[in-house]
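Tertiary structure, described
Letter by letter, the chains look like this.
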Amino acid sequence: MSGHDVTSARVVVLEDGEAVAQKMAQWLLDQALAKTDGPFVVALSGGSTPKRLFKIMAEPAYASKFPWRRTHIFFGDDRHVPFTHDDSNYRMTDELLLEHVDLPAENAHPIPADGTAEQDAVWYQSALQDLYGSHHLTPGKPLFDVVMLGMGPDGHTASLFPRQPILQEKTKWVAACTPDNAPHDRVSLTYPAIHSSRNVVFLIEGAGKAEMLARVRSGDESLPASHITSEGEVVFLVDKAAAGELQNG
Ligand SMILES: O=C(O)[C@H](O)[C@@H](O)[C@H](O)[C@H](O)COP(=O)(O)O
């Protein structure tokens, strides 16, 4: 049974963060190898949860099997800071993963931070449209094979933060966001862009996320993560600690 939204999504509960990362790494490899009708296009999440996964993917035993040359890596969101900034998701991903694997440089698509966040969002959208081959998303022709997401303690995902105009964005693929009390502007995929996917996978770990995960899983509409959908399957890949408040979790 696969679900297209968070209330019908499959929930896979694993022992701990390492098991979650290992499961995701194997699943991503399987998906990439199975994709034969075009490039494998993935949007990576940021923050701290993906770090374990990226280290696993950078290990030679794994990296040597991955079809990097026909893979394109985009970012679900980033802080609007230079690539050298400590808070840059791109910098973290580059240091833990991209520097260590055979991904062609032109297949890594960081979100730029050259102009205003709005200008860089427009630029990033055009980069996605160039690869997609159209300025319009077509149902049945997903933009991404995989969108990987995390979830924050306030129920945000990517940079879809509570009370932000980006939550209402129904046509743009990428938009800027100024989260309340955050040190940086953000640039993020929007709901329509994330929906245009074969799979959305939430990687969530730690007891600190348990209450919010249960609320999202129940479809609490006050939380941005609850509005995530996919043309294909939405899956929660979580550790036991994060699953602690799920029904029969
Ligand atoms: O740029 C970011 O911070 C992420 O894209 C963000 O959406 C993240 O996935 C969640 O905040 C969870 O972050 P942790 O994995 O650090 O808990």
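Residues numbered from 1 in each chain as written. Predicted model: local features only at pLDDT ≥ 70, side-chain atom pairs only at ≥ 80, totals over all residues. Heavy atoms only, no water.

Here the focus is the confidence of the model for the chain. Of all residues in the chain, 98% attain a pLDDT of 70 or more, and the chain-wide mean is 97. Scoring the predicted complex yields pTM 0.97 and, for the interface, ipTM 0.98. (pLDDT = per-residue confidence, 0-100.)

Our focus in this paragraph is helix α7 (residues 210-217). Within α7, the full set of buried residues consists of Ala210, Met212, Leu213, Ala214 and Val216. In this structure, the buried side of α7 is in contact with β9 (197-204) and β10 (229-239). In the segment just after α7, glycine 219 is the residue with positive phi, at about 85°. (Buried < 20%, exposed > 50% of the residue type's maximum accessible area, 1.4 Å probe, protein only. Helix = DSSP H or I, 4+ residues; strand = E, 2+ residues; numbered from the N terminus. Contact = heavy atoms within 4.5 Å.)

This next bit is on the UniProt feature "domain: Glucosamine/galactosamine-6-phosphate isomerase" (unreviewed entry) in the chain. Here, the residues flagged by UniProt with the feature "domain: Glucosamine/galactosamine-6-phosphate isomerase" (unreviewed entry) are residues 16-235. The distance separating the terminal C-alpha atoms of residues 16-235 is 17 Å; by composition the span is 31% helix and 19% strand. (UniProt positions renumbered as here; feature names shortened; annotations may be inferred.)

Glancing now at the side chain of glutamine 129. Within the secondary structure, glutamine 129 sits in helix α5 (residues 117-132). If sequence neighbours within four positions are ignored, glutamine 129 has contacts with Ser134, His135 and Trp173.

Membership of the largest hydrophobic core comes to 82 residues, with the highest contact counts inside it found for Leu28, Leu53, Met57 and Phe202. At 7 residues, helix α1 (residues 17-34) tops the list of elements feeding residues into this core. (Core = buried A, V, L, I, M, F, W, Y, C linked by side-chain atoms within 4.5 Å.)

Applying the stated rule across the entire model yields 1 cavity of 30 Å³ or more. One number sums up the size of the largest cavity: a volume of about 60 Å³. Leu28, Phe40, Val42, Leu44, Met57, Phe66, Trp68, Thr71, Ile73 and Leu97 together form the lining of the largest cavity. Mapped by element, the contributors of at least two residues to the lining of the largest cavity are β3 (40-44) and β4 (71-75). The residue inventory of the lining of the largest cavity, partitioned by class, reads 9 nonpolar, 1 polar and no charged. (1 Å grid on protein atoms, 1.4 Å probe; cavity = no way out; pocket = protein on both sides within 12 Å on 5 of 7 lines; lining within 4 Å. Points joined across faces, edges and corners; volume = space filled by probe spheres on them. Nonpolar A, V, L, I, M, F, W, Y, C, P; charged D, E, K, R; others polar.)

What follows deals with the sheet that holds strand β7 (residues 174-177). Note: strands within a sheet are paired through backbone hydrogen bonds, in either parallel or antiparallel orientation. Here 3 strands make up an open sheet; going across it, the order is β5-β8-β7 and the pairing antiparallel. Two strands close off the open sheet at either side, each with one partner strand: β5 (77-79) and β7. Adjacent strand axes in the sheet meet at a mean angle of 20°, parallel and antiparallel pairs treated alike. With 3 bridges joining them, β5 and strand β8 (residues 186-189) adopt antiparallel strand pairing. What sits directly across from aspartate 77, in β8, is serine 188. Strand contacts of α5: β7 and β8, with the helix running at about 160° to β7, the strand carrying the most contacts. (Pairing = 2+ DSSP bridges. Axes fitted to C-alpha atoms, helices over the stretch in contact; angles between N-to-C directions.)

Taken together, 15 residues lie near the ligand, and Ser48, Thr49, Asp77, Ala158 and Lys209 sit nearest. Here glycine 46 contributes a backbone N or O atom positioned 3.5 Å from an oxygen atom of the ligand. In the complex, the protein chains occlude 87% of the 410 Å² of accessible area that the ligand would expose alone. Judged by the fraction of its atoms near the pocket grid, the ligand is located in the largest pocket. Residue composition of the shell around the ligand, grouped by class: 2 nonpolar, 9 polar and 4 charged. (Near = heavy atom within 4 Å. Polar contact = N/O pair within 3.5 Å; in protein donor to acceptor, adjacent residues only side chain to side chain. Areas by Shrake-Rupley, 256 points an atom, 1.4 Å probe, with all protein chains shown as cover. Sits in = over half its atoms within 2 Å of the grid points.)

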